Amino acid sequence: LARAIAAPRVTHQSAFSNLEDVAIVPRPRLNPGQSVWVTVMSPESAAWCAERGYKICTSWYPTDLAALVARQYREAAERAGKPADPSLLGLRRRVFVADTDREAQEKYEAAIDYVKLFASRGFETANAQILQLMMNPEDFAIGSPQTVAERLVEQCRAGGFGVMMALTDFASFDHADLARSHELIGTKVAPILRSA
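Residues numbered from 1 in each chain as written. Predicted model: local features only at pLDDT ≥ 70, side-chain atom pairs only at ≥ 80, totals over all residues. Heavy atoms only, no water.

### Concerning the packing of aromatic side chains
Which entries qualify depends on this criterion: Two aromatic rings from Phe, Tyr or Trp, using only the six-membered ring of Trp, form a pair when their centres are within 6.5 Å; if the ring planes differ by under 30 degrees the pair is stacked, by over 60 it is edge-to-face, and anything between is tilted. Runs of E in the DSSP output that reach at least two residues are strands. Runs of H or I that reach at least four are helices, and both are numbered from the N terminus. The buried label applies to any residue whose accessible area, calculated with a 1.4 Å probe on protein chains only, is under 20% of its type's maximum; exposed applies above 50%, and partly exposed to all values in between.
Here the structure, examined in full by the defined rule, presents six aromatic pairs. Their ring planes at 5 degrees and their centres at 4.0 Å tell us that Phe 96 and Phe 173 sit as a pair that is stacked. With Phe 96 in strand β5 (residues 89-97) and Phe 173 in the loop between β7 (163-167) and α8 (175-195), this residue pair connects regions lying 77 residues apart in the sequence. Looking at Phe 173, the relative accessible area reads 10%, which means it is buried. Geometrically, the ring pair formed by Tyr 108 and Phe 170 is tilted, given 5.9 Å between the ring centres and 45 degrees between the ring planes. In this pair, Tyr 108 is assigned in helix α4 (residues 101-110) and Phe 170 in the loop between β7 and α8, connecting sequence segments 62 residues apart. On the basis of relative accessibility, which here comes to 2%, the residue Phe 170 falls in the buried class.

### Details of the nonpolar core
In plain terms, the rule: To qualify as a nonpolar core, a set must consist of buried Ala, Val, Leu, Ile, Met, Phe, Trp, Tyr and Cys residues joined through side-chain atoms within 4.5 Å. We call two residues in contact when some of their heavy atoms are within 4.5 Å.
Counting 21 residues, the largest nonpolar core has Val 40, Cys 49, Ile 56, Tyr 73 and Phe 161 as the members making the most contacts within it. Those elements giving two or more residues to this core turn out to be α2 (43-52), α3 (63-79) and β5. At six residues, α3 tops the list of elements feeding residues into this core. Not counting residues up to four positions away in its chain, the partners in contact with Phe 161 are Thr 58, Ala 66, Ala 67, Ala 70, Pro 86, Leu 89, Gly 90, Leu 91, Gln 155 and Cys 156. Membership of the second largest hydrophobic core comes to 15 residues, among which are Ala 98, Ala 111, Val 115 and Met 135.

### Focus: the layout of surface pockets
Stated precisely, the cut-off is as follows: Here the term cavity refers to a set of points on a 1 Å grid, laid over the protein atoms alone, in which a 1.4 Å probe fits but cannot get out; the term pocket refers to an open set having protein on both sides within 12 Å along at least five of seven lines, with lining residues being those that place an atom within 4 Å of a point. Grid points are joined across faces, edges and corners, and a volume is the space filled by probe spheres set on the points. Under the grouping applied here, Gly and all other residues not named as nonpolar or charged are polar, the nonpolar ones being Ala, Val, Leu, Ile, Met, Phe, Trp, Tyr, Cys and Pro and the charged ones Asp, Glu, Lys and Arg.
The space that makes up the largest pocket amounts to roughly 160 Å³. What lines the largest pocket is Val 153, Cys 156, Arg 157, Phe 161, Gly 162, Val 163, Met 164, Leu 193 and Ala 196. With three residues, helix α7 (residues 145-159) is the largest single contributor of residues to the lining of the largest pocket. Class assignment of the residues belonging to the lining of the largest pocket gives a composition of seven nonpolar, one polar and one charged.

### Overview of the side chain of Asp 177
Definition in use: The definition of a polar contact used here is a pair of N or O atoms within 3.5 Å, where within protein one atom must be able to donate a hydrogen and the other to accept one, and adjacent residues in sequence count solely through side-chain atom pairs.
Relative to the elements of secondary structure, Asp 177 occurs in helix α8. Looking at Asp 177, its side chain comes within polar contact range of the side chain of Lys 107, at 2.8 Å.

### Re the packing of α7 against α8
Rules: Axes, fitted as lines to C-alpha atoms, cover a helix only where it is in contact. Angles between the N-to-C directions of the axes lie from 0 to 180 degrees. Any angle that is under 35 degrees is reported as roughly parallel, and any over 145 degrees as roughly antiparallel; angles of 65 to 115 degrees are reported as roughly perpendicular and all others as oblique. Here is the rule for handedness: rotate from the far helix to the near one, and if that takes an anticlockwise turn smaller than a right angle the crossing is left-handed, while a clockwise turn gives right-handed.
Where α7 contacts α8, the axes come no closer than 9 Å and their chain directions differ by 40 degrees. What the angle tells us is that α7 and α8 run oblique. At the point where α7 passes α8, the crossing takes the right-handed sense. For the pair α7 and α8, contact is made by Pro 145, Gln 146, Val 148, Ala 149, Leu 152 and Val 153 and by Leu 184, Lys 188, Val 189, Ile 192 and Leu 193, respectively. Taken together, the residues of the contact of α7 with α8 break down into nine nonpolar, one polar and one charged.

### Some points on the packing of α2 against α3
How two helices pack is summed up by the angle between their axes together with the distance between the axes. Between α2 and α3, the least distance of the axes is 8 Å, while the angle of their chain directions is 35 degrees. In the packing of α2 onto α3, the handedness of the crossing is right-handed. Where α2 abuts α3, its residues Pro 43, Ala 46, Ala 47, Cys 49 and Ala 50 lie against Leu 68, Val 69, Gln 72, Tyr 73, Ala 76 and Ala 77. Residues of the contact of α2 with α3, tallied by class, amount to ten nonpolar, one polar and no charged.

By themselves, these figures tell us nothing about what the structure is for.
Put into structure tokens, the structure is as follows:
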């Protein structure tokens, strides 16, 4: 990642890759002030990112495991003498909002969950434990704006996450329902998150 950002061509050999003077197209670019975000699923990966000053985002995990990843990041950043404020830590959750809890739940139950549908068909999700992790109930925030905001604030506080990322089109929601969910996230949920 660092080599691809620094130069237009990359040479890298490891147990998993053998790249020799490969052109990276399109080139990743960081504008002044931008940072690298890395998706992490383990405390070790979080520590690796902290040592390099990368921001992290984790998902799927129950709140206690996500908090463990965040704690490992902060501890590694401290050892490396790097700042580790909450803006460096992101939590991604699947979010769907409707006017009431019941309406949101009914609309989700009527939709086809794409993760559930496609995940078990290949890759590492053929492993039942990984599939179970991907369907972890704590990865969902479905309900009214107040319910969703409370759940997300609680989870962010538990891990010290300063950035909340919402995956909103994870199921076959009706377009109008998804648009309404986006509207409610922007007008009702986001202000609560920002104030928290």
